[in-house]
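# Analysis of the macromolecular model
Residue strings, one per chain:
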Amino acid sequence: MALEADKLNRLQDVPDDFLKKIPKSQSQIYDQVVGLLSRLEVRGGVYVISNKNLQIAAEISGLLREVLLASDYTKAVTEFAKEFDQQAVINNKLFESAFPAFTASEMGATIVNLAKREAIDLLLNRASDSDFVAPLRDIIEQSVINGAGFQETLKSIRTFIEGNQDVDGALLRYSKTYAHDTYAIADRAYTSVVSEELDVEWFKWAGGVIQSTRPFCLKRHNKFYHYKEIESWGDLKWDGKIPETNSATIFSYAGGYNCRHSIMPQSVFNVPKEDILRNIENGNYVPSEKELELLGM
Amino acid sequence: MLTIDQIAETTQRVVDIMRKAKGKGKEGVMPDYHNTYLHSVDMKQAIEIHAKPGVKPDKLVAERAPNQTDKEFNYALANYQQTTLPVFLDNVHTMQRAFSDNNWSIDYRQGDDEKNELQQYLEIDIASTPLKMTFDSYMFQFVTTNKLIDAMGCIAYKPYFIPTVKTSDGELLIDGTEMFSPIPHYYPSEAVVAYDESYFYMFLTEEKSPVEWGNTTVMEGLVYEVYDDTNIFKVIQVGKKNDYKFIYELYHNHSLGYCPVDRLKGIPGVLNGEVIFQSMFLFAVPHLNDVVLDSIKLRSVKAAVVHPFRIMSGNLCVNTMELNGEIKTCDNGYFHDMTRNITHTCSVCKGSGMRERMSEHGVLLLRPESPFKENELRASQPALQIVSPSVETPQFLREEIKHNTEMARNILHLRTSDSQVKGSSDLTATGMVLDEKALYSTVKIFSDQLFDMYEFGIKTIGLMRMGDRFEMPVVTRPVTFDFATEYEYMERISLAIKNGLPSFVVHEIVYRYIKTMFYNHVDRAKVFDLIITTDRLLVMPNDQINIEAAKGTIAGWEVVLHDSAITIIRQQIEQNAGFLEQDLAIQQEQLRAAAKTLADSNKAAMPTSNTNVVDAVLRATEAA
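Residues numbered from 1 in each chain as written. Chains lettered and ligands numbered in written order. Predicted model: local features only at pLDDT ≥ 70, side-chain atom pairs only at ≥ 80, totals over all residues. Heavy atoms only, no water.

## Observations regarding the overall build of chain A
- The secondary structure content of chain A amounts to 12 helices and 5 strands.
- Within chain A, the proportion of its 297 residues that are buried is 50%.
- Considering only intrachain contacts with a sequence separation of at least 6, the fraction spanning at least 24 residues in chain A is 75%.
- Accessible area of chain A: about 14200 Å², with a carbon and sulfur share of 52%. (Helix = DSSP H or I, 4+ residues; strand = E, 2+ residues; numbered from the N terminus. Buried < 20%, exposed > 50% of the residue type's maximum accessible area, 1.4 Å probe, protein only. Contact = heavy atoms within 4.5 Å. Areas by Shrake-Rupley, 256 points an atom, 1.4 Å probe, with all protein chains shown as cover.)

This is the structure in structure tokens:
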């Protein structure tokens, strides 16, 4: 139980810890960008509209990605990525305790690596380019093109990078979007692959309930299901469902965006009898004579 | 080796030619001492007009132009300015670029702490002799300039004095304890009165000997010097001036085995069966002569243009003069004395028959209107007109001058940094390259000949002074003759990048550009040599660098090196003062290492390509 609790708590805590490090990186990046902007010519408090300034703005834009990558944000992403491996370790311990036949899965390790790569690529490359570098570049270049005020531009850039009491900084904003999901999906993907290798049939829709838990997850929270029941939900529609969710991918995507639930494999002996009976009745589960005997049914 | 008889015979022949020439015409003619004499002197004098300050173009303007009055001609000549001198100066400077300090070298093979004896003499002691400059300065400044003026002139080497010692018997002997101090001496073409190339030369010196003239002794006797493979003789006129008798004194027995005389040389040719050298500058002289003539014409025309003529109505001259007791009035500018049949020019109107009507203050006085005379203001012709020649003529002359100057510069392949003057203003890119190659070829010949003379001089001086102890230093001659201007190089670099030529081609042009910029700044040249040969991103546009860095084909330290090469090199020099003296390979190695260290410490090596970023972070997670 402690292990399970640890695994589930980490689905919340690890991304949260990552996100806590971001504001410091944002300040760091802001300082660097201000340093770069000091190269631009200002006259009477506004940026001079000149070929030289446009050239400098273009050069600064070219450097933004480097500034981002050189900041502590990269270190934070690295630390976050390491937690994927740790999560796999915990999962392995859980599997060991529940399934005597379990051995460390090569496929599972590959899945973890892929998930890590995907998360890193998303946080450092794709999302950073589209949600951070590109908009910041636009702010800078438009400020020069339109001869915007120097102070006004700095304020815009500060708000964009560091945020204020009303809005998060850009890095934090998009990291929040992706951090929990990438981590949770990685955890679930690993679990799914190992479960498949172990021919696990029963799962628990485990996890914590948070303020934004959707009805889909709330209804299934901490309940036990046969894998065929879970597969059948792939075709349902609900708010927050990740579009690519289907009978196979639901084991990774679960309830969809921001879903903190883990579809944890269970031994049949941990499943409540009513859930077993339900699935015998609907034909999902055909127990062997031995299993029936052991289950006392 | 010549015998005294042979020298005497040659002297006699030379003097006979000289006397014969003196006797011709009122001022004499130039003596024709040998087959190439007149032509050599003509060439020199033709060039001197454009090369030596103060030389007037007398021969060139001996004939007046049609319609040119004596007054106009004399005015122009009196005010003649040598406007073609800059072309010669540019030619000299272009040649001298080949001898910049880091383009050649000489190794006297001395020890670290001592100056080689020969080096001491050539670089220091020789400047205390009548030469008054170091041997290098003499060769690369004086000889370079005169080589372009007087290709048939000679440089002769002799000790500038013979150290002697008096014995107890009063006999004068050569002092064997003191080394000879040989110096070069220039004899212009006019002074080369006899020669058999490389075998012997006879020069008319500027020295004069005492000879008898009437009852007095005058210093007007001729003194010749004769050089052959063994001796240097002085041939000195003595006795009566018109007797032309000579004595023959052995000045120095050098015993070199070769004649210590070198021609200035130039472009070789053949004249009357003899080899003759022509200065490359000679080929530009016809155009420059046209410039001189047009400049003279322009000067006279300008005077007429800026001093216009006044045409105005005048009054009849009423000057009177007493002739044979009778008062006569000026008759159309003259007074006729019928008695003596003499005509006198009126001293007031100078023969014009008219008087000016200008008042003292330059005011033209007009007659008032009267019934008998129309007011002059209403006359069809104005009372006063100012007339001057049109400016078309001076403009035409200016264009001609500009055209001919440009042609001359073109012939000499002279360039300036001014983009308007690049030899020929309509030269295509191909033309420019061909032009540069032609200049390269010209300068190479010039440089090779000059260094032949340089080595000849060192050897001759060394042997004369040190004898068997002489060891010839090693001279490394210039190998680079790059003469495009900075502007032309920038054009070429820009074209090469625009046309997408391979980086190594652009690199090569940048390399030559920087060599041109810093050819005479030794340390700066070394710094840029190092950068050029180490920074492979040198000519890559920044965008390309970013792309290649993103793809991972450029390492972070290479970007650091590209951006901060000068700073890193300065740091290396601060740590090691002899950094630039090391082998280039060692400098490169140290520069790369420093760039790598800087890249690591500044996180400048952070990969920016997407794939590299992910891989780098993944590796970091595994390392933990």
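## Focus on the overall build of chain B
- Helix and strand counts for chain B stand at 16 helices and 22 strands.
- Taken over 624 residues, chain B has a buried fraction of 42%.
- Of all intrachain contacts in chain B linking residues separated by at least 6 positions in sequence, the fraction that spans at least 24 positions is 64%.
- Summed over all atoms, the accessible surface of chain B reaches about 34100 Å², with 53% contributed by carbon and sulfur.

## Considerations on the side chain of lysine 116 of chain A
- Along the polypeptide, lysine 116 of chain A turns up in helix H5 (residues 106–145).
- On the basis of relative accessible area, lysine 116 of chain A is assigned to the buried category, the value being 1%.
- There is a polar contact of 3.2 Å between the side chain of lysine 116 of chain A and the side chain of threonine 621 of chain B.
- Once residues within four sequence positions are removed from consideration, lysine 116 of chain A is found in contact with Ala81, Phe84 and Asp85 of chain A together with Leu618 and Thr621 of chain B. (Polar contact = N/O pair within 3.5 Å; in protein donor to acceptor, adjacent residues only side chain to side chain.)

## Thoughts on the sheet that holds strand E6 (residues 192–196) of chain B
Residues and elements named next belong to chain B.
- Taken in spatial order, the 5 strands make up an open sheet running E6-E7-E8-E9-E10, and their pairing is antiparallel. Looking at which strands have only one partner, the edges of the open sheet turn out to be E6 and strand E10 (245–253). Shown here is a sheet whose adjacent strand axes are inclined to one another by a mean of 25°, direction ignored.
- As paired elements, E6 and strand E7 (residues 200–213) share 4 bridges and run antiparallel to each other. Bridge pairing in E7 links tyrosine 195 to tyrosine 201.
- Packed on one face of the sheet, helix H1 (residues 4–22) meets E6, E7, strand E8 (216–227), strand E9 (231–238) and E10 and runs near 130° to E10. (Pairing = 2+ DSSP bridges. Axes fitted to C-alpha atoms, helices over the stretch in contact; angles between N-to-C directions.)

## Some words on the packing of aromatic side chains
- If you walk through the whole model with that rule in mind, you get 37 aromatic pairs over all chains.
- A centroid spacing of 5.5 Å and a plane angle of 80° characterise the contact between tryptophan 104 of chain B and tyrosine 454 of chain B, whose relative ring orientation is edge-to-face. Here the residue tryptophan 104 of chain B occupies a position in the loop between helix H4 (85–96) and strand E1 (105–107), and tyrosine 454 of chain B occupies one in helix H9 (residues 429–466), the gap between them amounting to 350 residues. Here tryptophan 104 of chain B matches tyrosine 454 of chain B in class, with each residue buried.
- Ring-pair connections join several aromatic residues into one group, and the members of that group are Phe18, Tyr73, Phe80, Phe84 and Tyr183 of chain A.
- The cationic tip of arginine 220 of chain A hangs over the ring face of tryptophan 233 of chain A; the distance from NZ or CZ to the ring centre is 4.1 Å.
- The ring of tyrosine 195 of chain B has arginine 263 of chain B sitting right over it, with the charged end atom 4.4 Å from the ring centre. (Phe/Tyr/Trp six-rings, centres within 6.5 Å; stacked < 30°, edge-to-face > 60°. Lys NZ or Arg CZ within 6 Å of the ring centre and 35° of its normal.)

## A closer look at the side chain of glutamate 4 of chain A
Residue and element names in this part refer to chain A.
- Mapped onto the fold, glutamate 4 is located in helix H1 (residues 2–20).
- By relative accessible area, which is 12% here, glutamate 4 ends up buried.
- Within the structure, the side chain of glutamate 4 is placed 3.2 Å from the side chain of lysine 204, a separation counted as a polar contact.
- The contacts of glutamate 4, once residues within four sequence positions are left out, are Leu94, Lys204, Ala206, Met264 and Gln266.

## Overview of the interface of chain A and chain B
- Each partner contributes residues to the interface: chain A has 16 residues there, and chain B has 15 residues.
- Interface of chain A and chain B: buried area, both sides summed, is about 1400 Å²; carbon and sulfur atoms make up 64% of it.
- On the chain A side of the interface with chain B, the three residues burying the most area are Leu69, Arg117 and Ile120 of chain A, jointly 31% of the side's total.
- The tally of links from chain A across to chain B stands at 1 salt bridge.
- Counting residues per element, the ones that place at least two in the side of chain A that touches chain B are helix H3 (51–70), helix H4 (72–98) and H5 of chain A.
- Here the element with the most residues in the side of chain A that touches chain B is H5 of chain A; it accounts for 8 residues.
- Grouping the amino acids of the side of chain A that touches chain B by side-chain chemistry returns 5 nonpolar, 4 polar and 7 charged. (Buried area = accessible area lost by both parts, 1.4 Å probe. Salt bridge = Lys/Arg side-chain N within 4 Å of Asp/Glu carboxyl O. Nonpolar A, V, L, I, M, F, W, Y, C, P; charged D, E, K, R; others polar.)

## Some details on the environment of aspartate 5 of chain B
- Within the secondary structure, aspartate 5 of chain B is located in helix H1.
- Taking C-alpha positions, aspartate 5 of chain B is 9.8 Å from tyrosine 248 of chain B, a pair spaced 243 residues apart along the chain.

## Here we look at the packing of H1 of chain A against H4 of chain A
All names here are of chain A.
- Following both chains from N to C, one finds H1 and H4 inclined at 170°, their axes separated by 10 Å at the closest point. Taken together, the axis directions place H1 and H4 in an arrangement best described as roughly antiparallel. Contact residues: Leu3, Glu4, Asp6, Lys7, Arg10, Leu11, Val14, Pro15 and Phe18 in H1; Tyr73, Ala76, Val77, Phe80, Glu83, Gln86, Gln87, Ile90, Asn91, Lys93 and Leu94 in H4.
- Tallied by class, residues from the contact of H1 with H4 come to 11 nonpolar, 3 polar and 6 charged. (Parallel < 35°, antiparallel > 145°, perpendicular 65-115°, else oblique.)

## Re a nonpolar patch on the surface
Residues and elements named next belong to chain B.
- Taken together, the side chains of Ile267, Phe283 and Ile411 define a hydrophobic patch exposed on the protein surface, amounting to about 230 Å² of accessible area.
- On the secondary structure map, phenylalanine 283 appears in the loop between strand E13 (274–278) and helix H7 (285–306).
- Looking at phenylalanine 283, the relative accessible area reads 41%, which means it is partly exposed. (Patch = residues over 30% accessible without salt bridge, like charges linked within 9 Å, V, L, I, M, F, W, Y side chains within 5 Å.)

## Some words on the pattern of salt bridges
Residues and elements named next belong to chain A.
- Going through the model one piece at a time under the given rule, you end up with 34 salt bridges over all chains.
- One salt bridge in this structure joins aspartate 17 and lysine 20, with 3.8 Å as the shortest N-O distance. With aspartate 17 and lysine 20 both in helix H1 and 3 residues apart, this pair spans about one turn of that helix.
- Here aspartate 17 falls in the partly exposed class, since its relative accessible area comes to 41%.
- For lysine 20, a relative accessible area of 63% translates into the label exposed.

## Quick word on helix H11 (residues 273–281) of chain A
Residues and elements named next belong to chain A.
- Those residues of H11 that sit buried are Asp275, Ile276 and Asn279. Down the axis, H11 shows its buried residues gathered within 100° of arc, on one side only. Within H11, the exposed residues directed more than 90 degrees away from the buried face are Glu274 and Glu281.
- Summarising the contacts, the buried residues of H11 are in contact with strand E3 (202–206), strand E4 (224–226), helix H9 (227–232) and helix H12 (289–295).
- Just downstream of H11 lies glycine 283, where phi reads positive at about 85°. (Arc of directions from axis to C-beta.)

## Some words on the environment of alanine 156 of chain B
All names here are of chain B.
- When you line up the elements, alanine 156 lands in strand E2 (residues 154–159).
- Residue alanine 156 is classed as buried on the basis of its relative accessible area, which comes to 0%.
- For the pair formed by alanine 156 and tyrosine 227, sequence separation is 71 residues and the distance between their alpha carbons is 8.2 Å.

## Quick notes on the sheet that holds strand E5 (residues 262–266) of chain A
Residues and elements named next belong to chain A.
- Within the open sheet, the 3 strands sit side by side as E4-E3-E5. Their pairing is antiparallel. If you trace the sheet from one side to the other, it starts and ends with E4 and E5, each paired once. Across the sheet, the axes of successive neighbouring strands diverge by a mean angle of 35°, strand direction being ignored.
- Strand direction decides the pairing type here: E3 and E4, joined by 3 bridges, are antiparallel. Each bridged residue has a counterpart across the sheet, and for tryptophan 202 the counterpart in E4 is histidine 226.

## A closer look at the environment of threonine 597 of chain B
Residues and elements named next belong to chain B.
- Structurally, threonine 597 is set in helix H15 (residues 584–601).
- The class for threonine 597 is exposed, based on a relative accessible area of 51%.
- Once the C-alpha coordinates of threonine 597 and valine 560 are considered, the two residues, 37 residues apart in sequence, prove to be 9.8 Å apart.
- A polar contact of 2.9 Å, which involves the side chain of threonine 597, links it to the backbone oxygen of alanine 593.

## Let's talk about the confidence of the model for chain A
- Confidence in the prediction for chain A averages 87 pLDDT; 99% of positions are at 70 or higher.
- Across chain A, element-level confidence peaks in E4 of chain A with a mean pLDDT of 94 and bottoms out in H3 of chain A with 83. (pLDDT = per-residue confidence, 0-100.)

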